Amino acid sequence: MKIRQLPERLANKIAAGEVVERPASVVKELIENSVDANSTVIKIELKEAGLTQIKVIDNGDGISKEDCKRAFLRHATSKIAFDTDLFHIHSLGFRGEALASIASVSKVTMKSSMGDEAGTKLYLVAGKIIKESKSDARKGTEITVDNLFFNTPARLKYLKTIHTELSHITDLIYRYALAHPQVRFDVIHNGKSIFQSPGSGNRLQVISGIYGMQVAKNMLAIEEETLDFKIDGFIAKPEITRSNRKFITLIVNGRYIKSPALSHAIIRAYDTLLPIHRYPIVVMSIQLDPILIDVNVHPTKLEIRFSKEKELIALIERMIRDVFKKQTLIPTIEEKPKNMQEKVKTEQEKFVFSPFKEPEINQVNHNQRVVTEHIKEPQHEERLVDDKPNDDLEQEAISFSESEDDFNENTNEREGYNNEQERVPPMYPIGQLQGTYILAQNENGFYMVDQHAAQERIKYEFYKEQLAKPNGTEQQQLLFPLTFEFTTNEKTFIENNYDQLQQIGLFLEPFGNNTYAVRAFPGWFPKGQEEEIIRDLVEQIIQEGKINIGKLREEVAILMSCKRSIKANHYLTDQDMVRLLEDLRKTNDPFTCPHGRPVIIHFTYYEIEKMFKRIM
Ligand code: ADP
Ligand code: MG
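Residues numbered from 1 in each chain as written. Chains lettered and ligands numbered in written order. Predicted model: local features only at pLDDT ≥ 70, side-chain atom pairs only at ≥ 80, totals over all residues. Heavy atoms only, no water.

**Focus on helix α6 (residues 162-179)**
Put simply, the test is: Helix and strand assignments come from DSSP, with helices taken as H or I runs of at least 4 residues and strands as E runs of at least 2, each series counted from the N terminus. Helices are assigned an expected span. That span is 1.5 Å times one less than the residue count. Between buried and exposed lies partly exposed: a residue is buried under 20% and exposed over 50% of the maximum accessible area for its type, with that area taken using a 1.4 Å probe on protein chains only.
Taking 1.5 Å per residue as the helical rise, α6 with its 18 residues ought to reach 26 Å, and the 26 Å between its terminal C-alpha atoms agrees with that figure. Burial analysis of α6 places 13 of its 18 residues in the buried class, the great majority of the element.

**Here we look at the packing of helix α2 (residues 23-36) against α6**
Rules: Here the axes come from fitting lines to C-alpha atoms, over the contacting stretch only for helices, and the angles between their N-to-C directions go from 0 to 180 degrees. Comment on the angle field: the value is read as roughly parallel under 35 degrees, roughly antiparallel over 145, roughly perpendicular from 65 to 115, and oblique elsewhere. Each crossing gets its hand from how the near helix is turned against the far one by less than a right angle, where anticlockwise is left-handed and clockwise is right-handed. Here, two residues are considered to be in contact whenever any of their heavy atoms come within 4.5 Å of each other.
Two elements in contact, α2 and α6, have axes whose closest approach is 8 Å; the angle formed by their N-to-C orientations is 25 degrees. In terms of orientation, α2 and α6 fall into the roughly parallel class. Crossing of α2 over α6 shows right-handed handedness. Counted together, Pro23, Ala24, Val27, Lys28, Ile31 and Glu32 of α2 and Glu165, His168, Ile169, Leu172, Ile173 and Tyr176 of α6 form the full contact between these two elements.

**Let's talk about the site of ligand 1**
Defined as follows: Definition of nearness: a residue and a molecule or strand are near each other if at least one heavy atom of the residue lies within 4 Å of the molecule or strand. Here a polar contact is recorded for every N or O atom pair within 3.5 Å, except that within protein the pair must consist of a potential hydrogen donor and a potential acceptor, and residues adjacent in sequence are included only if both atoms are side-chain atoms. Under the convention used here, a 1.4 Å probe and the Shrake-Rupley method define accessible areas, while residue burial counts only the protein chains that appear. By the convention adopted, Pro, Cys, Tyr, Trp, Phe, Met, Ile, Leu, Val and Ala count as nonpolar, Lys, Arg, Asp and Glu as charged, and the other residues, Gly among them, as polar.
Looking at ligand 1, there are 19 residues lining it, with Asn33, Thr77, Ser78, Lys79 and Gly96 nearest. One of the side-chain N or O atoms of Asn33 is found 2.8 Å from an oxygen atom in ligand 1. Compared with its free state, where it exposes 530 Å², ligand 1 has 92% of that area covered by protein. Those elements giving two or more residues to the shell around ligand 1 turn out to be α2 and α4 (98-104). Looking at the shell around ligand 1, its residues break down into seven nonpolar, eight polar and four charged.

**Things to note about the packing of α6 against helix α14 (residues 488-496)**
As a packed pair, α6 and α14 sit with axes 9 Å apart at the nearest point and diverge in direction by 160 degrees. If you check the angle between α6 and α14, you find them roughly antiparallel. Pair α6 / α14 crosses with right-handed handedness. Listed contacts from α14 to His163, Leu166, Ser167, Thr170, Asp171 and Tyr174 of α6 are Thr488, Asn489, Thr492 and Phe493.

**Examining unusual backbone geometry**
Outside of glycine, negative phi angles account for most residues, and trans bonds account for most peptide bonds. A positive phi is found at Ala49, a non-glycine position, where the angle reads about 50 degrees. Backbone geometry at Asn253 places phi at a positive 45 degrees, although glycine is not the residue there. As for its placement among the helices and strands, Asn253 is situated in the loop between β11 (248-252) and β12 (255-257).

**A look at a nonpolar patch on the surface**
Our working rule: A patch is a set of surface residues, each over 30% in relative accessible area and not in a salt bridge, joined within 9 Å for like charges and within 5 Å for the nonpolar side chains Val, Leu, Ile, Met, Phe, Trp and Tyr. A side-chain nitrogen of Lys or Arg and a carboxyl oxygen of Asp or Glu constitute a salt bridge if their distance falls within 4 Å.
Taken together, Leu6, Leu10 and Ile14 make up a surface patch of nonpolar side chains, about 260 Å² in accessible area. Summarising the element assignment, Leu10 is placed in helix α1 (residues 8-19). Leu10 gets classed as partly exposed once you look at its relative accessible area, which sits at 38%.

**A closer look at the nonpolar core**
The criterion, for reference: As used here, the term nonpolar core means buried Ala, Val, Leu, Ile, Met, Phe, Trp, Tyr and Cys residues forming a set that is joined through side-chain atoms within 4.5 Å. Where each domain starts and ends comes from a domain assignment, either automatic or drawn from a database.
In this structure, Ile31, Ile44, Phe185, Ile231, Met284, Ile286 and Ile316 are the most contacted members of the largest nonpolar core, which totals 99 residues. Top contributing element to this core by residue count: α6, with nine residues. Here this core spans two domains, and each of domain 1 (8-196) and domain 2 (203-325) adds at least three residues to it. Here Ile286 is in contact with Phe229, Lys230, Ile231, Ile251, Val252, Asn253, Leu262, Leu312 and Ile316, once residues within four sequence places are set aside. By size, the runner-up hydrophobic cluster in this structure holds 29 residues, among which are Tyr463, Leu537, Ala557 and Ile558.

**Section: the sheet that holds β11**
In plain terms, the rule: Only when DSSP finds a minimum of two bridges between them are two strands counted as paired.
The five strands lie next to each other as β9-β10-β13-β11-β12, forming an open sheet whose pairing is mixed. Strand pairing shows two members of the sheet lacking a second neighbour, β9 (219-225) and β12, which therefore form its edges. Along the sheet, successive strands turn relative to each other by an average axial angle of 20 degrees, direction set aside. As defined by bridge partners, strand β10 (residues 229-236) adjoins strand β13 (residues 282-288) across seven bridges and the pair is classed as antiparallel. Across the sheet, the residue bridging to Ile235 is Val282, located in β13. Together, β10, β11 and β13 form the strand contacts of helix α9 (residues 260-270), whose direction differs from that of β11 by roughly 125 degrees.

**Concerning the environment of Val424**
Position of Val424 relative to the elements: it lies in the loop between α12 (392-415) and β16 (428-433). Between the C-alpha atoms of Val424 and Thr587, which are 163 residues apart in sequence, the distance is 9.8 Å.

**Some words on the pattern of salt bridges**
Per the stated rule, a full pass over the model turns up 24 salt bridges. Lys111 is the salt-bridge partner of Asp136, the closest N and O atoms lying 3.2 Å from each other. Here Asp136 is found in the loop between β5 (128-135) and β6 (140-146), whereas its partner Lys111 is found in strand β3 (residues 107-113), with 25 residues between them in sequence. What makes Asp136 partly exposed here is its relative accessible area of 39%. Judged by its relative accessible area of 24%, Lys111 falls in the partly exposed class. Each of Lys28, Glu29, Glu32 and Lys301 takes part in one network of salt bridges that share partners.

**Some remarks on the side chain of Ser112**
Take Ser112: it is sitting in strand β3. Here Thr141 takes part through its side chain, which lies 2.8 Å from a polar atom of the side chain of Ser112. Excluding residues within four positions of it along the chain, Ser112 makes contact with Gly62, Ile63, Cys68, Gly119, Thr120, Ser135, Gly140 and Thr141.

**Points about the sheet that holds strand β1 (residues 41-47)**
Read from one edge of the open sheet, eight strands run β5-β4-β3-β6-β2-β1-β7-β8, paired in mixed fashion. Each end of this open sheet is capped by a strand with a single partner; those strands are β5 and β8 (192-196). Strand-to-strand twist across the sheet, computed as the mean angle between neighbouring axes with direction ignored, equals 15 degrees. Bridge count between strand β7 (residues 184-189) and β8: four bridges; the pairing is antiparallel. Looking across to β8, one finds that His189 is bridged to Lys192.

This is the structure we're talking about:
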């Protein structure tokens, strides 16, 4: 074996494997270059989600005639020169790899001029310069990437659908538009304009263009400067939430980054203001001395390292908390959070005192069993792991009724079927622990019930039943239609999945721009939460990427069961507790919440006596 240095073009192709994962990676590198070149207008034209063509046209500084060819060499950059520069990176690029990598896996045409003389035009195939000519003197750069991955078929095969690739691209452009509100981004897909940011420097306008007016109106400005950090941006009021954390945009020195640690800090700061499994919409721009970060830890520069991460996290948490604290001090706005709490409270009361029509469980021959053992092995424990809807769900949804039969048989065999006795005999509350657990007793022993999990279980079974009913999508007409604004991505998905949405009772009528109107919705939607539920449903479906009715029903039931369930630290009256325990007892599976966590912990008197060594 002989060791040899790889030729430059092969090395570039290898590097491309890291940097150029999909069309969105190309768009990212090209717009970063345009931003670095001080562009104020960046136009992005795509064909077939960039698979056929990506063209980025900017009005930036341009590249000199001598530099044009050099730009395509590996490790060729104008942004750093010395070792020490690595600690002072003010630009988005610095690795000098992007153009070389992109060119090695596509056909690239570059046109660039600094505006003072005729420009240069280059045409490269698989990284090799094939043609070179003069071009016009328009100041700026235009790079066209054709047939991406034409010479790396394996990578091409790995790509997802046009819809997925396009949504990766638009998501990325949204983030850069949020990071650079002074730049006008203009995105055209297959000849159609799909996004435009005004480039006015006003970040709230960009937010409005991406997430809609409704969201923009409910954003609170944040701003703070310390010795090390300067932070500004917008955070959504807690009443506007989303079902995942993708709506948090973190920008560090103009670079869109991902940081689970910082995202967590933000979510933590919202604390109990957010309902369970809900996430805020946040755009946060952090400026700091580049010496405090290492941007060279990831080839795509999406993750960075902070040397003062702890301090930054503490600052972020404090800032957000302060905003909400201040909010409640200002009388005009004070109403909002207070109202919300009241709304939540009344929902809870409504639920506890006048619950849904009770599930019609046949008291005599439903799956009843005597609970004699310590309840630690819930029957459906494997159904769901925490809050991530998993892939087994589909199977589980299908086999749900089967497993219930199994369950009956098993319990009959094991413990003897006793019509008189119920699965959980009536439990009588003794009190409440920490506003979180109901303590109860009956002839079988002592029970600790997680009140939140219990309510989730009750609601889950109710919704699951509603969803399964043939008339489950019976429509309730609205006097005034509800309107919804969606992002371009969401809109495309809605257009493509219109029929399936109807199947679950969602009729979204196009209402101009990215707005849809809803004039009716399934009658079983809980009152007062229709709007939130419709948006969540659409979001949930978009996240899945496709609609599977069985799986969707299961997920929707879980989603709705989490909504406004009484939380920990909520004191219940005796009456509330009696009611909750009764409802829980009547569910098919009172032992686990829809997320698979235990609802009831039970100690038999035998176990208790053993613990106290009254018996050995
Ligand atoms: P990097 O951005 O890390 O320097 P790239 O391969 O992305 O590396 O780009 C190489 C060089 O080409 C850049 O350093 C810059 O000088 C030049 N360049 C690339 N794109 C543009 C552009 N749109 N406008 C002006 N100069 C550009
Ligand atoms: Mg670059």
